Amino acid sequence: KKKKKRKTNKKKKKEKKKRKKKTASLAGLGTPVEHATFETLHTASLATPPLRAGLTEETARKAARKLRSLLGTDALCLTDRDRVLVWDGVGAHHRTEIMERLAGPLDSGRGEAFPLTCDTPDCTVRWAVVAPLTVDDRVHGALVACAPRESAVLVRAAGEVARWVSVQLELADLDQSRTRLIEAEIRALRAQISPHFIFNSLAVIASFVRTDPERARELLLEFADFTRYSFRRHGDFTTLADELHAIDHYLALVRARFGDRLSVTLQIAPEVLPVALPFLCLQPLVENAVKHGLEGKSDQCHIQITAQDAGAEALVVIEDDGAGMDPGLLRRILAREVSPTGGIGLSNVDDRLRQVYGDDYGLVIETAVGAGMKITVRLPKYQPGVHSAGRLTP
């Protein structure tokens, strides 16, 4: 018992010290109004991360306590259109009554306040304020604040908090739409991996089976590693090291087919290898260089790939000495006005870079008919939300 008491006293002292530290940190804010403003903004910021993940039981559970603190109510619940996702505070036995009264507000999108019926003598919850949660004119659920008595102030406050929650849910919806768009773009790139390339790679491998079995085995492993990377199912981002590793597998298969007609030079600064970038961002550019470098040429094609450290950015350049392209046609390809073979890859990569990093980070392409092509990609070393899940394991 003494040991337990000492632990309790120690815990109380720790909490008291924490409160004093918080009070001291707030002392520099000045007036009580400034203190209250800070507390409100701080509480709202703590509720933001879970709400930005959408409205689910888990996110509602994580945000409910903070939302109830904002409103200062005895109880608060968050619902979707079918059920109570979380009830925080007293009076949880009112769940069924609340859901029965939500039909009107959920259908109309308008808030409502009503008295609660209760046979429990010590229950302090006697009044409920319903504020719908609306995203793009669609009601997704409701925020319900419960209090001991009717309050016009609570009605207005609940409405404002519900509007703030709705904004967070709308941002979550936009994040999910962006994710779906990126996934669709990656599927488009995967679909673009030429069936001819796959067929030709397998044909080359087959040609070595009898004459050079060891070489055939090596190429088969290169093909397996390349396809495993290209069709992986996790992560919107990868590292420059992994992307270059996949490109190396791809070029090994191309060189096996074209032999001395294709030469490749790589100059990679080791310090940029951990930089994260959108998945399948560079491989299509190298594939484009191979196609246009060898197209219409009977002699050798040279491709140079460099990755340099440029301070806060990594600078990746892919250059070939092939057929090049008319700049006007290139502009139309990037604008998706035309889609010649290979064009989808360029516009896809350009769009994804701009979506992730902003319009200042699109592809910079220098080309002319008969003058080859030089593609420059700038990658910020550090960007919020851009991180790789790590290297793939065999």
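Residue numbers here run from 1 along each chain, matching the order of that chain's written sequence. Local features in a predicted model are, by the rule used here, given only for residues with pLDDT of at least 70; side-chain atom pairs are given and counted only at 80 or more, and totals for whole chains, interfaces and linings are based on all residues. Only hydrogens and water are set aside; all other atoms, that is, all heavy atoms of the structure, feed into the side-chain values.

- Under an unreviewed UniProt entry, the protein has the name Sensor kinase and belongs to Streptomyces viridosporus.

1. Focus on the overall build of the protein
Piece 1. Think of it this way: any DSSP run of H or I at least four residues long counts as a helix, any run of E at least two long counts as a strand, and we number them from the N terminus. The helix and strand tally for the protein stands at 12 helices and 12 strands.
Piece 2. Between buried and exposed lies partly exposed: a residue is buried under 20% and exposed over 50% of the maximum accessible area for its type, with that area taken using a 1.4 Å probe on protein chains only. Here the protein, with 394 residues, has 42% of them falling under the buried criterion.
Piece 3. The protein chains shown are the only cover counted for residues, whose accessible areas, like all others here, come from Shrake-Rupley with a 1.4 Å probe. Carbon and sulfur atoms make up 54% of the accessible area of the protein, which totals about 21,700 Å².

2. Describing the pairing of strand 1 (residues 75-80)
Piece 1. Along strand 1, 6 of the 6 residues are buried, which leaves the element largely enclosed by surrounding structure.
Piece 2. Along strand 1, one buried face is formed by A75, C77 and T79 and the opposite face, lined by L76, L78 and D80, is buried too.
Piece 3. We treat two strands as partners when DSSP finds at least two bridges between them. In terms of strand pairing, strand 1 meets strand 2 (residues 84-89) through 5 bridges, oriented antiparallel. From the neighbouring strand, C77 faces strand 2, where its bridge partner is W87.
Piece 4. Between strand 1 and strand 2, which pair antiparallel and follow one another directly, the connecting turn spans 3 residues.

3. As for the packing of helix 8 (residues 213-230) against helix 9 (residues 240-258)
Piece 1. Simply put, an axis is a line fit to the C-alpha atoms, just over the touching stretch for a helix, and the angle between two N-to-C directions goes from 0 to 180 degrees. Interhelical geometry of helix 8 versus helix 9 gives an angle of 140 degrees and a closest axis separation of 9 Å. By the criterion of interaxial angle, the relationship of helix 8 to helix 9 is oblique. Along this stretch, helix 8 crosses helix 9, giving a crossing that reads as left-handed. Across from R215, L219, E222, F223, D225, F226 and Y229 in helix 8, the residues of helix 9 making contact are D242, E243, A246, H249, Y250, A252, L253 and A256.
Piece 2. A per-class count over the contact of helix 8 with helix 9 returns 9 nonpolar, 1 polar and 5 charged. Just so you know how the angles are binned, under 35 degrees is roughly parallel, over 145 roughly antiparallel, 65 to 115 roughly perpendicular, and the rest oblique. A crossing counts as left-handed when the near helix is turned anticlockwise from the far one by less than a right angle, and as right-handed when that turn is clockwise. Contacts are residue-level and defined by heavy atoms, with any inter-residue pair within 4.5 Å sufficient. When residue character is reported, Ala, Val, Leu, Ile, Met, Phe, Trp, Tyr, Cys and Pro are called nonpolar, Asp, Glu, Lys and Arg charged, and the others, Gly included, polar.

4. Some thoughts on the pattern of salt bridges
Piece 1. Salt bridges are defined by distance alone: a side-chain nitrogen of Lys or Arg within 4 Å of a carboxyl oxygen of Asp or Glu. Evaluation of the coordinates by the stated rule reveals 13 salt bridges.
Piece 2. D309 is paired through a salt bridge with K381; the nearest N and O atoms lie 2.6 Å apart. Linking D309 in strand 9 (residues 301-310) with K381 in the segment after strand 12 (373-380), this pair joins segments that are 72 residues apart in sequence.
Piece 3. Residue classification places D309 among the partly exposed positions, given a relative accessible area of 35%.
Piece 4. D359 is the partner of R354 in a salt bridge, and the nearest nitrogen-oxygen pair spans 4.0 Å.

5. Some points on the sheet that holds strand 7 (residues 262-268)
Piece 1. Overall, mixed pairing links the 5 strands, which are arranged 7-9-10-12-11 in an open sheet. Strand pairing shows two members of the sheet lacking a second neighbour, strand 7 and strand 11 (364-367), which therefore form its edges. When the angles between neighbouring strand axes are averaged without regard to direction, this sheet yields 10 degrees.
Piece 2. As paired strands, strand 11 and strand 12 are joined by 4 bridges and run antiparallel to one another. Counterpart to E366 in the pairing with strand 12 is K374.
Piece 3. Its contacts with the sheet place helix 9 against strand 7, strand 9 and strand 10 (313-320), and it is angled at close to 165 degrees to strand 7.

6. Digging into the confidence of the model for the protein
Low pLDDT means the predicted coordinates in that region are not meant to be read closely.
Piece 1. Of the residues in the protein, 77% have a pLDDT of 70 or more, and the chain-wide mean is 80.
Piece 2. In this model residues 390-394 is a low-confidence stretch, pLDDT under 50, and it forms 11 contacts with partners more than four residues away in sequence or in other chains. Predictor confidence is given residue by residue as pLDDT, running from a minimum of 0 to a maximum of 100.

7. Remarks on the sheet that holds strand 4 (residues 127-135)
Piece 1. Ordered by their spatial adjacency, 5 strands build an open sheet running 2-1-5-4-3, and the pairing between neighbours is antiparallel. Lying at the two open borders of the sheet, with one neighbouring strand each, are strand 2 and strand 3 (112-115). Each neighbouring strand pair of the sheet contributes to a mean axis angle of 15 degrees, computed without reference to strand direction.
Piece 2. As judged from the 9 bridges shared by strand 4 and strand 5 (residues 138-147), these two strands associate in the antiparallel manner. Paired with T134 across the two strands is V139, which belongs to strand 5.
Piece 3. The sheet contacts of helix 3 (residues 57-71) involve strand 1, strand 2 and strand 5, and relative to strand 2 the element is tilted by about 35 degrees.

8. Some remarks on the packing of aromatic side chains
Piece 1. The pairing test for Phe, Tyr and Trp rings, Trp by its six-membered ring, is centres within 6.5 Å, and the orientation test on the planes gives stacked under 30 degrees, edge-to-face over 60, and tilted for anything in between. Counting across every chain of the model gives 2 aromatic pairs.
Piece 2. An angle of 40 degrees between the planes, with centres 5.7 Å apart, marks the rings of F226 and Y250 as tilted. Residue F226 is located in helix 8, and its partner Y250 is located in helix 9; the two are separated by 24 residues in the primary sequence.
Piece 3. Note on Y357 and Y361: the rings are 5.8 Å apart at their centroids and 55 degrees apart in plane angle, and the pair reads as tilted.
Piece 4. The class of Y361 is buried, set by a relative accessible area of 16%.
Piece 5. Distance and angle both matter: a charge sits over a ring if NZ of Lys or CZ of Arg is within 6 Å of the ring centre and within 35 degrees of the ring normal. The residue whose ring lies beneath R215 is F208, and the NZ or CZ to ring-centre distance is 5.8 Å.

9. Some thoughts on the environment of A64
Piece 1. Assignment of secondary structure puts A64 in helix 3.
Piece 2. We classify A64 as buried; its relative accessible area is 0%.
Piece 3. Excluding residues within four positions of it along the chain, A64 makes contact with L76, V86 and D88.

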